Amino acid sequence: WTLNDFDIGKPLGRGKFGHVYLAREKRSNHIVALKVLFKNQLKQSQVEHQLRREVEIQSHLRHPNILRLYGYFYDQKRVYLILEYAAKGELYKELQKCKYFSERRAATYVASLARALIYCHGKHVIHRDIKPENLLVGAQGELKIADFGWSVHTFNRRRTMCGTLDYLPPEMVESVEHDANVDIWSLGILCYEFLYGVPPFEAKEHSDTYRRIVQVDLKFPSRPVVSSAAKDLITQMLVKDSSQRLPLKKLLEHPWIVQNAD
Ligand SMILES: CC(C)CCNC(=O)Cn1cc(-c2ccc3c(-c4nc5ccccc5[nH]4)n[nH]c3c2)cn1
């Protein structure tokens, strides 16, 4: 591929992804999202090898709820990622607009994310960074894990935690090694945020958020009204001991998911 294979359209997202443009591949008229990364920026942050590894992983992941990486190419100064275009944009904008989701919508999203994570874990890929900012919505309203987090992961390794801590499980906050069960925790956080509009351990100061996470200081507000089945599921996912968290396969059999997910 080269840049000449594409007609470039409007910028997507708000530049927080770096530069991502709507683009159309000329021969097939296929619409894609073209992400442009500057080589000198990659060099500065020593992420070239990480990027190559992420590209390698992502190009082998084929799942309806994981945003496709179709390919990549580069020129003198830039690396271009040819990504799937998600017609309905960023999920968190939708969440901000309607404050919180219905139980049916939340359960449908959680079930599709659980299936995507089961697929990833089956391929020994973990920590798909599933906070709302990393989720896009396809033309049929289906969720797509876009995993912008690859750069956040990398920088996190080199710098103190930046951005929100809300999604980090105790083992990561206490920076002990983590396994696929971190994704169960993050999905529990996401499920809570879908239903209440805010993550469970949110606090003004990072230090307070840390403390609430490691103490699993889980409280359910009285508003909005949420079913006890939903609260039961969240309680089984937000468990400090990662080996005691509800396995994703069991999540798909939980009454709240069975009764509410489409
Ligand atoms: C290193 C590598 C393999 C990771 C690959 N993943 C990324 O680079 C993550 N990433 C995805 C994007 C991205 C951003 C926005 C979109 C969109 C999109 N559709 C929209 C519709 C309306 C409004 C905004 C939209 N953005 N579709 N696909 C996208 C893809 C940006 N970075």
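Keep in mind the model is a prediction, meaning the values are calculated, not measured. (Residues numbered from 1 in each chain as written. Predicted model: local features only at pLDDT ≥ 70, side-chain atom pairs only at ≥ 80, totals over all residues. Heavy atoms only, no water.)

1. Points about the pattern of salt bridges
So, step 1. Under the definition given, this model contains 15 salt bridges.
So, step 2. With a closest N to O distance of 2.8 Å, Asp 217 and Arg 212 form a salt bridge.
So, step 3. With relative accessibility at 17%, the residue Arg 212 sits in the buried group.
So, step 4. A salt bridge links Lys 219 to Asp 217, with the shortest nitrogen-to-oxygen separation between them at 3.3 Å.
So, step 5. Because the salt bridges share partners, they merge into one network encompassing Asp 5, Glu 25 and Arg 27. (Salt bridge = Lys/Arg side-chain N within 4 Å of Asp/Glu carboxyl O. Buried < 20%, exposed > 50% of the residue type's maximum accessible area, 1.4 Å probe, protein only.)

2. Some words on the nonpolar core
So, step 1. Counting 51 residues, the largest nonpolar core has Leu 187, Phe 194, Leu 195, Leu 251 and Trp 256 as the members making the most contacts within it.
So, step 2. Here the element with the most residues in this core is helix H7 (residues 181-196); it accounts for 11 residues.
So, step 3. Among residues more than four places away in sequence, those in contact with Leu 251 are Val 110, Ala 114, Leu 187, Leu 233, Met 237, Leu 246 and Ile 257.
So, step 4. Ranked by size, the runner-up nonpolar core spans 17 residues in total, among them Leu 37, Val 47, Val 79 and Ala 146. (Core = buried A, V, L, I, M, F, W, Y, C linked by side-chain atoms within 4.5 Å. Helix = DSSP H or I, 4+ residues; strand = E, 2+ residues; numbered from the N terminus. Contact = heavy atoms within 4.5 Å.)

3. Side note on helix H2 (residues 48-60)
So, step 1. Taking 1.5 Å per residue, 13 residues should reach 18 Å; H2 reaches 19 Å between its end C-alpha atoms and fits that length.
So, step 2. If you check which residues of H2 are buried, you get Gln 50, Leu 51, Glu 54, Val 55 and Gln 58. Viewed end-on, H2 has its buried residues packed into an arc of 135 degrees, placing them on one side of the element. Residues Arg 52 and Arg 53 are exposed on H2 and point more than 90 degrees away from its buried face. (Expected span 1.5 Å × (residues − 1). Arc of directions from axis to C-beta.)

4. What about the pairing of strand E3 (residues 31-38)?
So, step 1. Across the 8 residues that make up E3, a large majority, 6, are buried.
So, step 2. With 6 bridges connecting them, strand E2 (residues 19-25) and E3 associate as antiparallel partners. Note on E3: the bridge partner recorded for Val 20 is Lys 35.
So, step 3. As consecutive antiparallel partners, E2 and E3 are separated by 5 residues, and within that stretch Asn 29 has a phi angle of approximately 60 degrees, a positive value.
So, step 4. Strand direction decides the pairing type here: E3 and strand E5 (residues 78-84), joined by 7 bridges, are antiparallel. (Pairing = 2+ DSSP bridges.)

5. Notes on the side chain of Glu 171
So, step 1. For Glu 171, the location among the structural elements is in helix H6 (residues 170-173).
So, step 2. Glu 171 gets classed as buried once you look at its relative accessible area, which sits at 7%.

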